[in-house]
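Below are the chains, spelled out letter by letter.
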Amino acid sequence: MARQITEFGRDGRPATPDGGLDSPAFHRNHQPIWAVLGKFLKGRTGDVLEAGSGTGQHVAYFARQSPGITWWPSDLNEANLKSIAAWRAGAALPNIRPPQRIDLSDPAWSVTAADGSAPGKLLAVFCANVIHISPWRVAEGLVAGAARQLREDGRLFLYGPFKRDGRHTAVSNAVFDTSLKSQNEEWGVRDVGDVARLAEAAGFELAETFEMPANNLILMFARCGG
């Protein structure tokens, strides 16, 4: 049984023997997120990278809904990588690859399994709750890598809280932003416009914005003109 955590295993307590962690946020948001991802992935085949998989619960759920898609989970945190492996083992699904250690701050990141196998061009990159809990260079590296790795018809999905036109969309997001910056001055809730301009410089356009529960958004980026 996975132990419940508050934020991706950062409370400092030891994990359960198999390393599995349980994020409360997963239970609140996995179905609304899948409603967006599933609409794009329906009827398609290919490889999808989850950049910053956290506990691994999302990728296990998504893979169960999409047997025609091969999922590549990833993270940088060792405790998270262990948790992803535990959830993968528990799911026992053939379309989840072993977790990859990827440092998104490196724009040259790539997806390669321990056995040397790698996907072709990716159908999608999905990244949830990462770019606000990391320095801006992580967003830069994520977008740069997605520009190299995605197919022409591929999509980049970013989930989390965002500001619009420099303003928070909810008081709770403003409080959260203050809390993040008190922990690390390089962290913080990002503005949709800043992220869109970063993506545009890499050849993407903001194709659609999805309103999500708890004052979150999903930003979906496509190749410019695609």
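Residues numbered from 1 in each chain as written. Predicted model: local features only at pLDDT ≥ 70, side-chain atom pairs only at ≥ 80, totals over all residues. Heavy atoms only, no water.

### Remarks on helix 5 (residues 171–183)
Taking 1.5 Å of rise per residue, 13 residues should cover 18 Å, and helix 5 covers 19 Å from first to last C-alpha, within 8% of that figure. Buried within helix 5 are the following residues: Asn-173, Asp-177 and Leu-180. All buried residues of helix 5 project into a common sector of 65° when viewed along the axis, lining one side. Along helix 5, the residues that are exposed and aim more than 90 degrees away from the buried face are Val-171, Val-175, Thr-178 and Ser-182. (Helix = DSSP H or I, 4+ residues; strand = E, 2+ residues; numbered from the N terminus. Expected span 1.5 Å × (residues − 1). Buried < 20%, exposed > 50% of the residue type's maximum accessible area, 1.4 Å probe, protein only. Arc of directions from axis to C-beta.)

### Quick word on the sheet that holds strand 11 (residues 216–223)
An order of 5-4-3-6-7-11-10 is seen for the seven strands of this open sheet, with the pairing classed as mixed. The open sheet terminates on both sides in strands that have one partner only, identified here as strand 5 (100–101) and strand 10 (204–212). Where strand 10 meets strand 11, eight bridges bridge the pair, whose relative direction is antiparallel. Opposite Thr-209, over in strand 11, you have Leu-219 as the bridge partner. Where helix 1 (residues 24–41) meets the sheet, its contacts fall on strand 3 (46–50), strand 4 (69–75), strand 6 (122–128), strand 7 (150–160), strand 10 and strand 11, and the angle it forms with strand 7 comes to roughly 165°. Running over the sheet, helix 6 (residues 192–201) touches strand 7, strand 10 and strand 11 and is turned about 20° from strand 11. (Pairing = 2+ DSSP bridges. Contact = heavy atoms within 4.5 Å. Axes fitted to C-alpha atoms, helices over the stretch in contact; angles between N-to-C directions.)

### Structural notes on the nonpolar core
With 32 residues, the main nonpolar core has Leu-49, Val-125, Leu-158 and Phe-221 as its most contacted residues. Mapped onto this core, the elements with two or more residues apiece are strand 6, helix 4 (136–149), strand 7, helix 6 and strand 11. Residue contributions to this core peak at six residues, all from helix 4. With residues near it in sequence (within four places) discarded, Phe-221 still touches Gly-154, Arg-155, Leu-156, Leu-158, Val-195, Ala-196, Ala-199, Phe-204, Glu-205, Leu-206 and Ala-207. Counting 27 residues, the second largest nonpolar core, distinct from the first, contains Tyr-61, Phe-62, Trp-71 and Tyr-159. (Core = buried A, V, L, I, M, F, W, Y, C linked by side-chain atoms within 4.5 Å.)

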